[in-house]
Amino acid sequence: MSTEALRIVWIYPDLLSTYGDRGNMLILARRAADRGIPVETYEVRSDQRMPNSADIYLIGGGEDGPQALAAQRLLADGGLHQAVTRGAAVLAICAGYQLFGHSFFAKGAKCAGLGLLDISSDRGETRAVGELRGDIDPRLGLPPLTGFENHGGRTHLGTHAAPLARVTGGIGNDGQTEGAWAGKILGTYSHGPALARNPALADLLLKWATGADRLAPLDDTWSERLRNERLAAASPV
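First things first, this report covers the structure right here in the doc. (Residues numbered from 1 in each chain as written. Predicted model: local features only at pLDDT ≥ 70, side-chain atom pairs only at ≥ 80, totals over all residues. Heavy atoms only, no water.)

## Section: the overall build of the protein chain
Okay, so step 1: Looking only at helices and strands, one finds seven helices and 12 strands in the protein chain.
Okay, so step 2: For a compact globule of 237 residues, the expected C-alpha radius of gyration is about 18 Å, and the protein chain comes in at 16 Å, within 12% of that figure.
Okay, so step 3: Dimensions along the principal axes, computed over C-alpha positions, put the protein chain at roughly 45 × 45 × 30 Å.
Okay, so step 4: Summing over all exposed atoms, the protein chain offers an accessible surface of approximately 10400 Å²; the carbon and sulfur share of this is 50%.
Okay, so step 5: With 24 positive and 26 negative side-chain charges, the protein chain shows a spacing of 1 Å between the two charge centroids. (Helix = DSSP H or I, 4+ residues; strand = E, 2+ residues; numbered from the N terminus. Rg over C-alpha atoms; globule rule 2.2 N^0.38 Å. Areas by Shrake-Rupley, 256 points an atom, 1.4 Å probe, with all protein chains shown as cover. Lys, Arg positive; Asp, Glu negative; His and termini not counted. Charge placed at Lys NZ, Arg CZ, Asp CG, Glu CD.)

## Details of the packing of helix 2 (residues 64-77) against helix 3 (residues 79-86)
Okay, so step 1: Where helix 2 contacts helix 3, the axes come no closer than 5 Å and their chain directions differ by 65 degrees. When the axes of helix 2 and helix 3 are compared, the pair comes out roughly perpendicular. Across the interface between the two elements, Leu74, Leu75 and Asp77 of helix 2 pack against Gly79, Leu80 and His81 of helix 3. (Axes fitted to C-alpha atoms, helices over the stretch in contact; angles between N-to-C directions. Parallel < 35°, antiparallel > 145°, perpendicular 65-115°, else oblique. Contact = heavy atoms within 4.5 Å.)

## What about the side chain of Asp203?
Okay, so step 1: Positionally, Asp203 belongs in helix 6 (residues 199-210).
Okay, so step 2: Apart from the residues within four sequence positions on either side, Asp203 is in contact with Arg31, Arg35 and Leu215.

## Some points on the pairing of strand 7 (residues 119-136)
Okay, so step 1: Where strand 7 meets strand 8 (residues 145-157), 12 bridges bridge the pair, whose relative direction is antiparallel. Paired with Val129 across the two strands is Asn150, which belongs to strand 8.
Okay, so step 2: Of the pairings in the sheet, the one linking strand 7 to strand 9 (residues 165-169) comprises four bridges and is antiparallel in character. Bridge pairing in strand 9 links Ile136 to Ala165. (Pairing = 2+ DSSP bridges.)

Limitation: the analysis is restricted to geometry and does not speak to function.
Here's what the structure looks like:
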């Protein structure tokens, strides 16, 4: 593994940073550092150029107006598209997940997304709020997903995106599937923050970013307690 620092970018914290989603950056940086992997983290605001040479990009949830503005600025900037083409890993949460698709709705209007995931989002009849759990795509080799969702959207997957998980509690995309993934892009409605509740998901991103087949094990006693409690809270009665 290279000794060059792992570069993690938090996208537009001034627009999209709700429900503690910034914690995903902290979790990734800590799990990398605990394994002796040098880390550099960057918070790139919406009035700054998006670097195209980082290893992992993170984007969080937010309200309709900031979501639409973020999509417009990322499209105009182009740096994130260049990074994805180069092979960077991405975790997109909630509003950030929606704007990675072809289109989404904000303030009643259909908005163009980044087109980096083969998904599209519209409005559901009801708001999805509460604990979320699901069985992650077996190809990713991860334990069940746990999170907290709070969104009014419904997301539809195209042929070039696979569900991140099959819902066993909550709504996710449509009551059947939750999130989506393709290549090194992961999208989910899971807050919590997602990587605090799902450390194996954090490690998958680290493996993608570093090219490592395996990572040294860490003591996840406390995160497993949290996971077990939250998974139980989302289980059918």
